[in-house]
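Tertiary structure, described
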Amino acid sequence: MQVSVADAGKLRKQVTISYTKEEVNRRRAQVLKQLGGEVKLNGFRPGKSSLSILESRYGAAATAHTEERLGDEAFSGALKEHNLSPIGPMKSESINRDNGFAVVVSFEVKPVIALPEAKEFTITKPAVAIGDTEVAEQLNTLARRSGTLSPLAEGETIQEDDSITVSGSVTVGGVEARKLHDFNHLVGGYPFFGKAPADIVAALKGKKAGDQLSFTANLPQSFTPAEHAGKEATIAVTIQIAQRLRAAPLDDEFAKRIGAESLEKLKEMLSVRIQAGKEREARGAQITELTTQLLAKTTVELPEQLLAATIAEATEAATKRAESQGKTADEVAAAKTEAATEATKGLTRYLILDALATKLGVEVSNEDLSDQIQMAAQQTGRRAEDIAKQLRESGRANQVALEIREAKAVEMLLDQLAG
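Thresholds applied
Residues numbered from 1 in each chain as written. Predicted model: local features only at pLDDT ≥ 70, side-chain atom pairs only at ≥ 80, totals over all residues. Heavy atoms only, no water. 1 Å grid on protein atoms, 1.4 Å probe; cavity = no way out; pocket = protein on both sides within 12 Å on 5 of 7 lines; lining within 4 Å. Points joined across faces, edges and corners; volume = space filled by probe spheres on them. Nonpolar A, V, L, I, M, F, W, Y, C, P; charged D, E, K, R; others polar. Buried < 20%, exposed > 50% of the residue type's maximum accessible area, 1.4 Å probe, protein only. Helix = DSSP H or I, 4+ residues; strand = E, 2+ residues; numbered from the N terminus. Arc of directions from axis to C-beta. Contact = heavy atoms within 4.5 Å. Salt bridge = Lys/Arg side-chain N within 4 Å of Asp/Glu carboxyl O. Pairing = 2+ DSSP bridges. Polar contact = N/O pair within 3.5 Å; in protein donor to acceptor, adjacent residues only side chain to side chain.

1. Looking at empty space enclosed by the protein
Counted under the stated rule, the structure contains one cavity of 30 Å³ or more. In this model, the largest cavity occupies a volume close to 30 Å³. As for the largest cavity, its lining consists of Ile164, Val166, His185, Phe192, Ile200, Leu204, Leu213, Val237 and Ile239. A per-class count over the lining of the largest cavity returns eight nonpolar, one polar and no charged.

Below is the structure:
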């Protein structure tokens, strides 16, 4: 076997692999014998098939398997010996079987990247402090969530966050489009038949159960019956019930219902939780700061053909998206330019973070991927099994693993800089 590696352009290599006829025949005989041990032909025990019959039935497969194995072995050895990291598609330049087996392939390689020294980074260390006001706000939030609804008291009027039940009608063009009965609404929580939340809060100011409300608005597109959606309408209702969520009293009994021994212990628990949240935010800000500096301080020579293919794919997608949205020619051109810029930034970012991860020896384990899936399940309320299945079927598992590797690399660098 002979292997040679030559330059074929900027960040491009050409590998030539050649085997003599004797080497190919020897390996092919081994492959054919292996096939004979795996298959059962009528009249022969497994592994006892006639060589001539095996040749006639599996000769082509044996040749293909032989060439594939020989090529893979030599190619893997060449990459390891010459410390090459291919990136992007490989091109088969030639295959010759006249006097054995010879193949020539070319491909682009990842550039050698000089990462900044530790002293070149400046990482902000924000002070993380917790005030009594923050704990009080958390306590009040818990008290409201644990509160109970009760009718407005004498002298109270409707305000934001109150719950009302109304009856009435929605009229479009003088014709009743929908009758309302026992219709519930959270004041200020969302639009009311097309009326903005803030406008509804203002319209209900000073009102109470038994009062009436009438206004005009453009009905939302989700309105039913659908033929009236988007049309101007008059909404006239009578407020049947007006209730307010009364916060639970802040005492030891309340704290025990939450899971704390006392109100003071609950305050301590909340303080620890707020502290942890602030520390996570501070670390996230440091990671963003470090990543920005790393990308700005690192120079990368991009593989030309991979860059061109990446830009072509991004601009094609941007063009289709812009045209489907009815954009003008100038807007389509601007979208293509932006896509090309972002594609270049994306490739640059990938190569820099890949170089960092390689330098730090960062690997992604099945446990890392499982943890990420579990976190996504908690955030979305979906089953972890469903998310894992979706990743496998969509082919995005490798992308997620890449993102995990990049994140681990930056966090490891941050820990090193922090000492």
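2. Focus: helix 10 (residues 384–394)
The complete set of buried residues in helix 10 reads Ala384, Ile387, Ala388 and Leu391. Within helix 10, the buried residues cover an arc of 100° as seen down the axis, which keeps them to one side. Those residues of helix 10 that are exposed and aimed more than 90 degrees away from the buried face are Glu385 and Glu393. Residues of helix 10 that are buried sit in contact with helix 9 (366–380) and helix 11 (397–418). A positive phi of about 80° marks glycine 395, the residue just after helix 10.

3. Considerations on the pattern of salt bridges
A pair can form between side chains of opposite charge whenever their charged atoms are brought close. Within the structure shown, the criterion is met by 23 salt bridges. A salt bridge links glutamate 73 to arginine 27; the shortest N-O distance between them is 2.9 Å. Pair noted here: glutamate 73 is in helix 2 (residues 51–81) and arginine 27 is in helix 1 (residues 21–38), with a separation of 46 residues, a long-range link. Classification of glutamate 73 as partly exposed rests on a relative accessible area of 42%.

4. So, the pairing of strand 3 (residues 86–96)
Every other side chain in a regular strand lies on the same face of the sheet, so the side chains alternate between the two faces. Sheet analysis places strand 3 next to strand 4 (residues 100–109), joined by seven bridges and oriented antiparallel. Looking at strand 4, one finds that lysine 91 is bridged to serine 106. Linking two consecutive strands that pair antiparallel, namely strand 3 and strand 4, is a turn of three residues.

5. Quick word on the side chain of aspartate 354
Mapped onto the elements of the fold, aspartate 354 is located in helix 8 (residues 329–360). Here lysine 110 takes part through its side chain, which lies 3.1 Å from a polar atom of the side chain of aspartate 354. Among the polar contacts listed, one links the side chain of aspartate 354 to the side chain of arginine 405, at a separation of 2.8 Å. Apart from residues no more than four positions distant in its own chain, aspartate 354 is found in contact with Lys110 and Arg405.

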